[in-house]
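# Topology and contacts: notes
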Amino acid sequence: MNAPDTLDELVAAAQASFAQALTPADLENAKAQFLGKSGKVTELMKGMAALSVEEKKSRGAAINLAKQAIEAALNDRRQALANAELERQLKAEALDVSLPGRQRTPGGLHPVSLTLERIEAIFGSMGFEVAQGPEIETDWFNFTALNTPEDHPARSMHDTFYVEGGTEAAPNLLRTHTSPMQIRHAVQHVKKHRALIDAGDKGEGAFTGSMPEIRVIAPGRTYRVDSDATHSPMFHQCEGLWIGENVSFKDLKFVFTNFCRTFFETDDLVLRFRPSFFPFTEPSAEIDIQFQTGPLAGRWLEVAGSGQVHPNVVRNMGLNPEKYIGFAFGMGPDRLTMLRYGVNDLRLFFDGDIRFLQQFQS
Ligand code: DAH
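A brief look at the structure comes next. (Residues numbered from 1 in each chain as written. Predicted model: local features only at pLDDT ≥ 70, side-chain atom pairs only at ≥ 80, totals over all residues. Heavy atoms only, no water.)

## Description of the pattern of salt bridges
Applying the stated criterion across every chain yields a total of 15 salt bridges. The partner of Glu150 in a salt bridge is Arg155, with the nearest N and O atoms 3.6 Å apart. For Glu150, a relative accessible area of 65% puts it in the exposed group. The closest approach of N and O atoms between Asp353 and Arg355, which form a salt bridge, is 2.6 Å. Through salt bridges with shared partners, a single network forms among Arg272, Arg274, Asp288 and Glu302. (Salt bridge = Lys/Arg side-chain N within 4 Å of Asp/Glu carboxyl O. Buried < 20%, exposed > 50% of the residue type's maximum accessible area, 1.4 Å probe, protein only.)

## Remarks on unusual backbone geometry
Of the consecutive residues Glu282 and Pro283, the connecting peptide bond is found in the cis state with omega at 0°. Position of Pro283 among the secondary structure elements: in strand S8 (residues 281-291). Of note in this structure, Asn147 is not a glycine but carries a positive phi near 60°. Relative to the helices and strands, Asn147 is located in the loop between helix H6 (139-142) and strand S3 (162-163). (Helix = DSSP H or I, 4+ residues; strand = E, 2+ residues; numbered from the N terminus.)

## Observations regarding the site of the ligand
As a structural note, the neighbourhood of the ligand is formed by 15 residues, with His177, Ser179, Arg224, Gln237 and Glu239 the closest of them. Measuring from an oxygen atom of the ligand, one finds a side-chain N or O atom of Gln182 at 3.0 Å. Taking Ala328, its main chain carries an N or O atom lying 3.1 Å from an oxygen atom of the ligand. For the ligand, whose free accessible area comes to 350 Å², the fraction covered by protein is 90%. Grouping the amino acids of the shell around the ligand by side-chain chemistry returns four nonpolar, nine polar and two charged. (Near = heavy atom within 4 Å. Polar contact = N/O pair within 3.5 Å; in protein donor to acceptor, adjacent residues only side chain to side chain. Areas by Shrake-Rupley, 256 points an atom, 1.4 Å probe, with all protein chains shown as cover. Nonpolar A, V, L, I, M, F, W, Y, C, P; charged D, E, K, R; others polar.)

## Considerations on the sheet that holds strand S7 (residues 269-278)
Pairing is mixed across the open sheet formed by seven strands, whose spatial order is S1-S5-S6-S10-S9-S8-S7. Because the sheet does not close on itself, it has two edges, and the strands there are strand S1 (129-130) and S7. Both strand S5 (residues 214-223) and strand S6 (residues 234-244) contribute to a ladder of ten bridges, which runs antiparallel. Bridging from a neighbouring strand, Ala218 pairs with Glu239 of S6. Packed onto the sheet, helix H7 (residues 180-192) meets S1, S5, S6, strand S9 (301-309) and strand S10 (325-331) and runs at close to 145° relative to S5. (Pairing = 2+ DSSP bridges. Contact = heavy atoms within 4.5 Å. Axes fitted to C-alpha atoms, helices over the stretch in contact; angles between N-to-C directions.)

## Here we look at the side chain of Asp334
In this structure, Asp334 sits in helix H11 (residues 333-341). Of the side chains with opposite charge, Arg221 comes closest to the buried, unpaired Asp334, at an N-O distance of 9.4 Å. Every residue in contact with Asp334, bar those within four places of it in the chain, is listed here: Val112, Phe235, His236, Leu346 and Phe349. (Lys, Arg positive; Asp, Glu negative; His and termini not counted.)

## Looking at the sheet that holds strand S2 (residues 136-138)
The strands that make up a sheet are held in pairs by hydrogen bonds between backbone atoms, and each pair lies either parallel or antiparallel. The antiparallel open sheet is built from three strands, whose spatial order is S2-S4-S3. Looking at strand neighbours, the two that pair on one side only are S2 and S3, the edges of this open sheet. One ladder, built from two bridges, connects S3 with strand S4 (residues 172-174); its direction is antiparallel. Bridged to Tyr162 within S4 is Leu173.

## Quick word on the nonpolar core
By size, the foremost hydrophobic cluster in this structure holds 30 residues, and its most contacted members are Ile119, Phe123, Phe256, Phe259, Ile289 and Met331. Contributing elements (two or more residues each) for this core: helix H5 (111-125), S6, helix H9 (249-263), S7, S8, S9, S10 and H11. The biggest single contributor to this core is H9, with six residues. Residues in contact with Ile119, not counting those within four places in the same chain, are Ile217, Cys238, Phe259, Phe263, Met331, Pro333 and Leu336. In this structure, Ile183, Ile214, Val216 and Ala218 belong to the second largest nonpolar core, which totals 23 residues. (Core = buried A, V, L, I, M, F, W, Y, C linked by side-chain atoms within 4.5 Å.)

## Overview of the packing of aromatic side chains
Counted by the stated rule, this structure contains 17 aromatic pairs. Ring geometry for Phe128 against Trp242: centres 5.9 Å apart, planes inclined by 85°, an arrangement best described as edge-to-face. Here Phe128 is found in the loop between H5 and S1, whereas its partner Trp242 is found in strand S6, with 114 residues between them in sequence. Like Phe128, the residue Trp242 is buried in the burial classification. Ring-pair connections join several aromatic residues into one group, and the members of that group are Phe123, Phe128, Trp242, Phe256, Phe259, Phe263, Phe264, Phe291, Phe327 and Phe329. (Phe/Tyr/Trp six-rings, centres within 6.5 Å; stacked < 30°, edge-to-face > 60°.)

Following this line, the structure appears as structure tokens:
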């Protein structure tokens, strides 16, 4: 019934049908029409039942050849579709290797960090240690131990960020200054040298008065409810403390003058100690500096608070105020940075604008 050229036509029809399939799913459908259970090739096979043995042989062989040709066409098309899919994926994920790479420009330290490094180096050269302490403080270290009375305005909610987790007796707060580090560091120092101090207090032998002096700076972040061109809720301070048996205002004046001249890299600079008040020092002074030359010449610029450490504070350090005496100061590295570089708005330090920050890289 079926002439051989009909088989050829069948193969041609299969090839055409496969060629039209644009997706693997289409191709499987097309395959079913020819090679499936009720596909055309299967039907031809079934149609041989009535043939004689001789006819079956030659017809069967012919159908098999056609079937093989169809299977080959199917595989070719499968391969072609897979290649096309791969091609498409490669195109979609193509890398343009001619694009220039992303540049990694070297970063640099923030100007305030540069100032902190300078402060540490300068005070380090004068024998000061550097101490770090917590930014979440207790009421005791931030106020009470520093002789700051319950009704002091600095304790009000308007000035201080109180944080959860404290008790009424010991509320937690974000430290409003680095001064709590005076107490923290001194207490550690005293603990370390307890034996020497006790022996000294009793006037025993060679140990008399031989507690090593406390000479420390404590730079770090501090927080107050305040925000404008010259105040930011987070700002930096650096505390200084020098306690010994014979440390006086004269030493403070020497140390601070030396610091300012080194920091600003000029000897054309004078200091003024202006009487002031702080609960933790007595007497107290604001330290003002005046450049004799340059753009800021002639103006008095306030750079630090200072004073002789109050006897109550010395006592809270665990020392006898009859014997141990010294000075403390607290300065603002942000302000020092503004003066050194001529920056007029504090907020520039916290904006993270790369055009501003890049100006401080050497
Ligand atoms: N803690 C003071 C403040 O934040 C600054 C200060 C003044 C620190 C006098 C001192 C000092 O150590 O002696 O305003």
